[in-house]
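Take a look at the letters that make up each chain.
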Amino acid sequence: MPKLADFKTNEKSWWCPGCGDFGVLASLQKALVDLGVEPHDVAIVAGIGCSGKIGNYINCYNFHVVHGRTLPTAMGLKLVNRDLTVIAAGGDGDGYAIGGGHFLHALRRNVDMTYIVMDNQIYGLTKGQTSPTSKTGFKTRSTPEGNIERPIRPLQLAIAAGATFVAAGFSSDVKQLSSLIAQAIQHKGFALVNVYSPCVTFNKVNTYDWYKEVLINLDEDESYDPTDRGAALQKLIETDERVRGLVYKAPDQPSFQELFPGYREEPIVHQDWTMPQEDFAELLEQFR
Amino acid sequence: MRERRLASWKIGGEQGQGIDSTGELLAIVCNRLGYYIYGYRQFSSRIKGGHSNYKIMIGTEPVASTSSELDVLVAIDQETIDRNHKELVEGGFLVADAHFEPVLPEGCPAQLLSVPLTQMAQEVGSPLMRNVVSLGVSAYILGLPLDAFKDVVLQRFGKKSPEVGQQNVAALEKGYAYAQEHLPEPTWKLAAGDGKSRLIMMGNDAVALGAAAAGCRFCAAYPITPASEVMESLMSILPRYGGVVVQAEDEISAITACIGAGFAGARAITATSGPGISLMQEAIGLAHVAEIPVVIVDTQRGGPSTGMPTKHEQSDVWALLYGSHGDTPRIVLAPSTVEETFYLTADAFNLADKYQCPVFVATDLSLALNKQTVEDLDITRIKIDRGHLLTDEEIAAQAEPDGFRRYRVTESGISPRPLPGQPKGQYLATGVEHNEFGKVSEDPRNRVAMMDKRLRKVPADPAALDLSLEPLAYTGPESPDILLVGFGSSVGPIGDARKLLEAEGLRAGHAHVKVLAPLPVNQLAELFARAKHVIVAENNAHGQLFALIEHRVGKAMREQGLTVPQLHSLRKYDGNPFLPKEIAAAAKEVTSYAQAG
């Protein structure tokens, strides 16, 4: 069985001390160990930004792609090798700004894979500009008078777009977050885990203390039913998405893989690709 | 009666009036009778309305270009006559539906046959069969056996119901009988076809077949004219072999999905046209730096921007050679026929795996969409070569405590490539500059070593690519006075232009470039050394291939102490492919000017 150490690399982190992403990394590593997945059977596709460096610090197959394109890349990867545990990971800018279009389509396509968003409501690596999840009025280097735009509500957006699994985590609660990530990996479909992951350098508003105070833990609310789509949206509207825990899990929605005609148990990369001559001759018949 | 070896036929009407499917039926009939065909569709970017036409060249020998002359025009409306009558030749026929009271423009040398197509179609069941009636008339004019038409319509329409099949047969018979009764005795007919079974297909079909035969099992693409048929065709083939096709939300998704699949070890393809190529540029750079195989097909169309989406052009040469940012090695294959498209697409996958980088297949609208006769496609010529992959044992032997040297600096520039799922092969693939382990590095020495490694992977001479065909084809005399050079689908018009020049006593040669990068510089230089004049004919405004040749081949010749012949650029960018006579005229102008001067 794999151990936590198997998922670690010897690379020194570039993240600022206290960065929320450390908690996400630890939770991801713990989830993989808890699920008993071997490092070589995991592929992480990371985006651009501070969060995109996560692949540098975890021992598995890693692909650090261009800005905003983790989801289609991870989709291609997963569809040709279904045996891999495929996780896309990036920040709120990567996923909801430049990659926003892919996000919607990944949700409705429902490819069996996991998407972890490290949401710090700021652009960190470019040194502090407003992000799509920054609240209105939020002052940054690019919005010195305060953000005049309204934030994206990723959890509501996800559910509205047809998500089959939506969770919200908080990076300082590794126990809950690792459990949510493990559930997301086990979910047979597209699973979103949006993690509040504070930026200690550029976001002085949405801090650890602030999150601790405002976040409502849905996992501790026995009256909350995460399989009720309407109730989930209602809760997200009421709380302005200041929640953590399992938000929504659709009962029995088939994944893209389950629906695609002729999709096989054996991963594409392991199949014999030679086309029998008789088959090819048959294909040519339609051109005569 | 005179027998002819080549005839041309065209049907025109509004889009949505079955113009394409009627042309298709005639093409299939001719193919089964053993003729060679070359189809040429003109259409616009709309579904209903707007003039469209389908011209078919029918020959007893291979045909690879269309001409400005026309023997038979079937007109469903007056606009078809107004737009196309100038092509009709002396002795030609204009078959027009009496329904719209056709008018033959003054000076048109053809004979107008006002035929009650709609009325006869109505008599056998439905006015929709008007076009089939016109095929009956056409069969009589061209001297083709009606039974061959009957077989094809029964096969096509009999599937719906035997009754519909029989109605269409009746429509054919009615048209044929009407022609027999009312038309003058034909003065010519097509010489009989050889009856040999061949294929008719378009370049997009050949891309899909070549990909599937080469082991491609993943396609992600976004619909775009004139590339969509590649995705559609793969959607009909790949599920049978466990493969997957995804209609992506945009071209960026399409290319990155393919790169993801390539990283995992699958063979992946995306097909697009100019606008899609523009959207893919950033990801193409990623595939180069992270060293991931992927095959990208560009069916060139009129640009820039939306340009002329349904019109032919060859204006992406520079975009394919120099697109993306930073310095990257390029492989751009440019098939000129449907047959070559099949083999070069298959080759592209081997090259992508071998050199671990994107490989482009550049076609153009004429090649992508025009149906042409293909003798046969031989799958036994397709070999799957996966390049520098490793067994689990090899990986275990090479793995180090710090990880796996995925980007090991080697003499060839090609590094060992573990695939996700292989134990101890874990590494970081990244668009960031990296060291041998894939870890981020901005060390100047490492940077230069990595750049040089990636750039030396791809050979400078396309002969070293080990392709299914020669990177440069030449037809003509040992020392041509005029050497015509081109790429892509212009192989037909240039080849025919060469024959025209030869018939007029000129020593003309034709060199066709099949690989745009790496360019066959030495092969071209060798030919140029024996030529007096060179004309590079291409469908773009800048003379993109000309500039490339002038710079690269000219430089190579000067370095070798060879005399560079006079280089001329012939460009056409009005949305239509070259006509052979246009190229021949340019060649004559160049040579006569030279003689006079």
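Residues numbered from 1 in each chain as written. Chains lettered and ligands numbered in written order. Predicted model: local features only at pLDDT ≥ 70, side-chain atom pairs only at ≥ 80, totals over all residues. Heavy atoms only, no water.

## Re a negative patch on the surface
Piece 1. Taken together, the side chains of Asp83, Glu265, Glu266 and Asp272 of chain A present a region of like negative charge at the surface.
Piece 2. Looking at the element boundaries, Glu265 of chain A is found in the loop between α9 (256–259) and α10 (277–285). (Patch = residues over 30% accessible without salt bridge, like charges linked within 9 Å, V, L, I, M, F, W, Y side chains within 5 Å. Areas by Shrake-Rupley, 256 points an atom, 1.4 Å probe, with all protein chains shown as cover. Salt bridge = Lys/Arg side-chain N within 4 Å of Asp/Glu carboxyl O. Lys, Arg positive; Asp, Glu negative; His and termini not counted. Charge placed at Lys NZ, Arg CZ, Asp CG, Glu CD. Helix = DSSP H or I, 4+ residues; strand = E, 2+ residues; numbered from the N terminus.)

## Points about the interface of chain A and chain B
Piece 1. Between chain A and chain B, the residue contacts involve 53 residues of the former and 70 residues of the latter.
Piece 2. Buried surface at the junction of chain A and chain B, both sides included, amounts to about 5,100 Å², of which 66% is carbon and sulfur.
Piece 3. If you look at where chain A meets chain B, you find 2 salt bridges.
Piece 4. One salt bridge in this structure joins Lys439 of chain B and Glu11 of chain A, with 3.5 Å as the shortest N-O distance. (Contact = heavy atoms within 4.5 Å. Buried area = accessible area lost by both parts, 1.4 Å probe.)

## Some points on the sheet that holds strand β1 (residues 42–46) of chain A
The strands making up a sheet are joined through hydrogen bonds of the backbone, oriented either antiparallel or parallel.
Piece 1. The strand order across the open sheet formed by 9 strands is β7(A)-β8(A)-β5(A)-β6(A)-β4(A)-β3(A)-β1(A)-β2(A)-β18(B), and the pairing between neighbours is mixed. Of all strands in the sheet, those bounded by a partner on one side alone are β7 (216–217) of chain A together with β18 (428–430) of chain B.
Piece 2. In this sheet, strand β8 (residues 243–249) of chain A lies alongside β7 of chain A in parallel orientation, the contact comprising 2 bridges. Following the sheet pairing, Asn217 of chain A is matched in β8 of chain A by Arg244 of chain A.
Piece 3. Relative to the sheet, helix α8 (residues 229–239) of chain A contacts β7 and β8 of chain A, its axis offset from that of β8 of chain A by approximately 155 degrees. (Pairing = 2+ DSSP bridges. Axes fitted to C-alpha atoms, helices over the stretch in contact; angles between N-to-C directions.)

## Focus: the domain arrangement of chain B
Piece 1. Assigned domains within chain B: domain 1 (2–197), domain 2 (201–381), domain 3 (388–459) and domain 4 (472–596).
Piece 2. Summarising the inter-unit geometry, the C-alpha centres of domain 1 of chain B and domain 3 of chain B are found 60 Å apart. (Domains from an automatic or database assignment.)

## Looking at the environment of Thr73 of chain A
Piece 1. For Thr73 of chain A, the position within the fold is in helix α2 (residues 70–80).
Piece 2. Sequence spacing of Thr73 of chain A and Val45 of chain A is 28 residues, and the spatial spacing of their C-alpha atoms is 7.2 Å.
Piece 3. In contact with Thr73 of chain A, not counting residues within four places along its chain, are Val45, Phe63 and Val65 of chain A together with Thr256, Ala257 and Gly260 of chain B.

## Comments concerning the layout of surface pockets
Piece 1. Space inside the largest pocket adds up to approximately 1,200 Å³.
Piece 2. In terms of lining, the largest pocket is formed by 46 residues, of which the most central are Pro62, Val63, Ala64, Asp496 and Lys499 of chain B. (1 Å grid on protein atoms, 1.4 Å probe; cavity = no way out; pocket = protein on both sides within 12 Å on 5 of 7 lines; lining within 4 Å. Points joined across faces, edges and corners; volume = space filled by probe spheres on them.)

## A short note on the sheet that holds strand β21 (residues 508–513) of chain B
Residue and element names in this part refer to chain B.
Piece 1. An order of β19-β21-β20-β23-β24 is seen for the 5 strands of this open sheet, with the pairing classed as mixed. Strands with a single pairing partner mark the edges of an open sheet, and in this sheet they are β19 (472–475) and β24 (566–571). This sheet shows a mean twist of 20 degrees between the axes of neighbouring strands, independent of strand direction.
Piece 2. Alignment of strand β23 (residues 533–538) against β24, held across 6 bridges, turns out to be parallel. Note that in β24 the partner of His533 across the bridge is Gln566.
Piece 3. Strands in contact with helix α18 (residues 544–559) are β20 (482–487), β23 and β24; relative to β23, the strand with the most contacts, it is inclined by about 145 degrees.

## Brief notes about helix α5 (residues 146–157) of chain B
Residues and elements named next belong to chain B.
Piece 1. Over its 12 residues, α5 extends 16 Å from the first C-alpha to the last, a length consistent with the 16 Å expected when each residue adds 1.5 Å.
Piece 2. Of all the positions in α5, only Leu146, Ala148, Phe149, Lys150, Val152, Val153 and Phe157 are classed as buried.
Piece 3. Those residues of α5 that are buried lie in contact with α1 (19–32), α4 (130–142) and α6 (162–182). (Expected span 1.5 Å × (residues − 1). Buried < 20%, exposed > 50% of the residue type's maximum accessible area, 1.4 Å probe, protein only.)

## Description of the pairing of β8 of chain A
Residues and elements named next belong to chain A.
Piece 1. Across the 7 residues of β8, 6 count as buried, placing the element largely inside the fold.
Piece 2. Two strands pair when backbone bridges link them, and strand β5 (residues 165–170) and β8 are joined in this way by 4 bridges, in the antiparallel orientation. By the bridge assignment for β8, Ala167 is matched with Leu246.
Piece 3. With respect to chirality, the unit in which β7 leads through α8 into the neighbouring parallel β8 is right-handed. (Right-handed = clockwise from strand over helix to strand, strands pointing away.)

## Some details on the pairing of strand β4 (residues 51–59) of chain B
All names here are of chain B.
Piece 1. By the criterion of burial, β4 is predominantly enclosed, with 9 of the 9 residues buried.
Piece 2. Judged by which residues are buried, β4 turns out to be covered on both faces: His51, Asn53, Lys55, Met57 and Gly59 on one side and Ser52, Tyr54, Ile56 and Ile58 on the other are all buried.
Piece 3. Here 9 bridges tie strand β2 (residues 6–14) to β4, and the two strands are oriented antiparallel to one another. The partner of Gly13 across the bridge, within β4, is Ser52.

## Notes on the nonpolar core
Piece 1. Phe63 and Val247 of chain A together with Phe218, Val485, Leu516 and Phe528 of chain B are the most contacted members of the largest nonpolar core, which has 105 residues in total.
Piece 2. It is helix α9 (residues 251–264) of chain B that contributes the most residues to this core, 8 residues altogether.
Piece 3. Beyond its immediate stretch of four places on either side in the chain, Phe218 of chain B contacts Gly76, Leu79 and Val80 of chain A together with Leu238, Val244, Val246, Ala257, Cys258, Ala261, Arg267, Ala268 and Ile269 of chain B.
Piece 4. Listed in part, the 57 residues of the second largest apolar core include Ala208, Cys216, Phe349 and Val515 of chain B. (Core = buried A, V, L, I, M, F, W, Y, C linked by side-chain atoms within 4.5 Å.)

## Describing the pattern of salt bridges
Piece 1. Per the counting criterion, the structure on display carries 37 salt bridges over all chains.
Piece 2. As a salt-bridge pair, Arg109 of chain A and Glu249 of chain B come within 2.7 Å of each other at their nearest N and O atoms. Of this pair, Arg109 of chain A sits in helix α4 (residues 100–109) while Glu249 of chain B sits in the loop between β11 (244–247) and α9, each in a different chain.
Piece 3. Residue classification places Glu249 of chain B among the buried positions, given a relative accessible area of 13%.
Piece 4. Across the pair Arg153 of chain A and Asp240 of chain A runs a salt bridge, and its minimum N-O distance is 3.1 Å. Of this pair, Arg153 of chain A sits in the loop between β4 (113–119) and α5 (154–160) while Asp240 of chain A is found in the loop between α8 and β8, placing the two residues 87 residues apart along the sequence.
Piece 5. Overall, the relative accessible area of 31% leaves Arg153 of chain A in the partly exposed class.

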